[in-house]
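# Architecture and fold: a report
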Amino acid sequence: MRIPKTAAALSLAALLAAGTSVPAFAVGEGPNYNGNETINTSILHTYDEMVAVLKKQEAKQPAMELEVIGQSVKGRDLYLAKYISDPSNPTILYLTQQHGNEQLTTEGALEFVKHLGTGKTKGVLDGVNILIVPMLNPDGAMGDVDFPLDGYLASGRNLTRANATGTDLNRDHVAKIQPETQALHNNVMRAYDIDYMIDLHHQGTQSERDGQLVSGSILYPTTPNASPEVVEGSKQLGAVVFNAIDPTGWGHLGRYVGGSAETISRNGIAVEYGISTLLFEMRGMSDHSNPSAVLGQKSNGYLIKQTVTTLDATARAIADGSIDTTDTSLWDTLAEQTTRPGE
């Protein structure tokens, strides 16, 4: 049975209204999939539904403009949502769904777009320009790919990490062979004066910090070719996120364990464009062939809330300039996440 998007929206609205008074286990402690519940992707926006939301918001919000930056392998338009009040303001890019099976960050980005059209963000857009790529890999998100989907767990639409050709887009930021990567670099990275970027992903379900499963993990550029100024700005961006999420009672963040390859956006974009970048890996994927990677959908609302909180907190910190004085010492003690041993 298809769950109406309005019902999902009401559930999220209740979570957002609840503030921090939610149980600590809401994200960090489960529920896992474990083969015990249906992974129902019908509650997620399809590509066409996402486009409809964006176009509706563009019609309602004077500050918002939609731009088509290119097409996917299968010919789907790739969208950029723009809020540019003053070109001289600092600019942040939020990038979601390079991996098509990591969709709750896209769900959060759509909620954030709606959020920007309300009075709750009054004045924020006066001090920061916001760019949002809400779905870089729509073919993978729709399971419209040229390889078998045997073993994928979701009921209904399957979602794949790779794009239609089987390529991991987050390993294509040097060669830039795929049309989705080319669109991002040619028509976003080189077209706008961007200061910050958060690349939003999902990881598996069994990562923990200090013995507690994480709701997500963060990491700045770790390539030695990134300038100290870029790395420091990235650490400040991460500190803003950590301070917004970790004390809530429902969020628990670790330091992601990532490499230095510049084929990855976190590293390559920091070096090529001098942009401070942050990777945020939310807990659990929307679909996968590995059960330990998929999180039961009862946690969807909290992970969407985590995304909205991340985007809102960083936009505000850049808009009011407080990011420039954000203490980054947490990185000296933030433990790298480890994988919980199998039971």
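The structure under discussion appears in the preceding block.
A brief look at the structure comes next.

How each quantity is defined
Residues numbered from 1 in each chain as written. Predicted model: local features only at pLDDT ≥ 70, side-chain atom pairs only at ≥ 80, totals over all residues. Heavy atoms only, no water. Buried < 20%, exposed > 50% of the residue type's maximum accessible area, 1.4 Å probe, protein only. Helix = DSSP H or I, 4+ residues; strand = E, 2+ residues; numbered from the N terminus. Right-handed = clockwise from strand over helix to strand, strands pointing away. Pairing = 2+ DSSP bridges. Axes fitted to C-alpha atoms, helices over the stretch in contact; angles between N-to-C directions. Parallel < 35°, antiparallel > 145°, perpendicular 65-115°, else oblique. Left-handed = near helix turned anticlockwise from the far one by under 90°. Contact = heavy atoms within 4.5 Å. Nonpolar A, V, L, I, M, F, W, Y, C, P; charged D, E, K, R; others polar. Salt bridge = Lys/Arg side-chain N within 4 Å of Asp/Glu carboxyl O. Phe/Tyr/Trp six-rings, centres within 6.5 Å; stacked < 30°, edge-to-face > 60°.

Residues of strand β8 (residues 216-219) alternate between two faces, with G216 and I218 on one and S217 and L219 on the opposite face, all of them buried. Between the parallel elements β8 and strand β9 (residues 253-255), the chain passes through helix α7 (residues 228-245) in a crossover that is right-handed. Here β8 pairs with strand β10 (residues 276-283) via 4 bridges, running antiparallel. Its bridge partner lying in β10, L219 is registered against L279.

In the contact formed by helix α4 (residues 104-116) and helix α9 (residues 300-319), the axes pass within 8 Å of each other and the chain directions differ by 50 degrees. Comparing the axis directions of α4 and α9 gives the class oblique. Judged by the twist between their axes, the crossing of α4 over α9 is right-handed. Note on element contacts: α9 touches α4 through N300, L303, I304, T307, V308, L311, D312, A315 and R316, opposite L104, T105, E107, G108, A109, E111, F112 and H115. Counted by class, the contact of α4 with α9 contains 8 nonpolar, 5 polar and 4 charged residues.

This paragraph deals with the pattern of salt bridges. Within this structure, the stated rule accounts for 14 salt bridges. A salt bridge links K82 to E67, with the shortest nitrogen-to-oxygen separation between them at 3.0 Å. Of this pair, K82 sits in strand β2 (residues 77-83) while E67 sits in strand β1 (residues 65-71), and the two are 15 residues apart along the sequence. Where D312 meets R316, a salt bridge forms, and the shortest distance between an N and an O atom there is 2.9 Å.

Our focus in this paragraph is the packing of aromatic side chains. The full count for this structure, using the stated rule, is 2 aromatic pairs. Ring centres of Y94 and F112 lie 5.8 Å apart, and the angle between their planes is 85 degrees; this geometry places the pair in the edge-to-face category. Of the two residues, Y94 sits in strand β3 (residues 91-96) while F112 sits in helix α4, which places them 18 residues apart along the sequence. What makes Y94 buried here is its relative accessible area of 0%. Using a relative accessible area of 1% as the deciding quantity, one classes F112 as buried. With a centroid separation of 4.9 Å and an interplanar angle of 85 degrees, the aromatic rings of Y220 and W331 are classed as edge-to-face. With a gap of 111 residues between them, Y220 in the loop between β8 and α7 and W331 in the loop between α9 and β11 (338-339) connect regions that are remote in the sequence. One exposure class covers both Y220 and W331, and it is buried.

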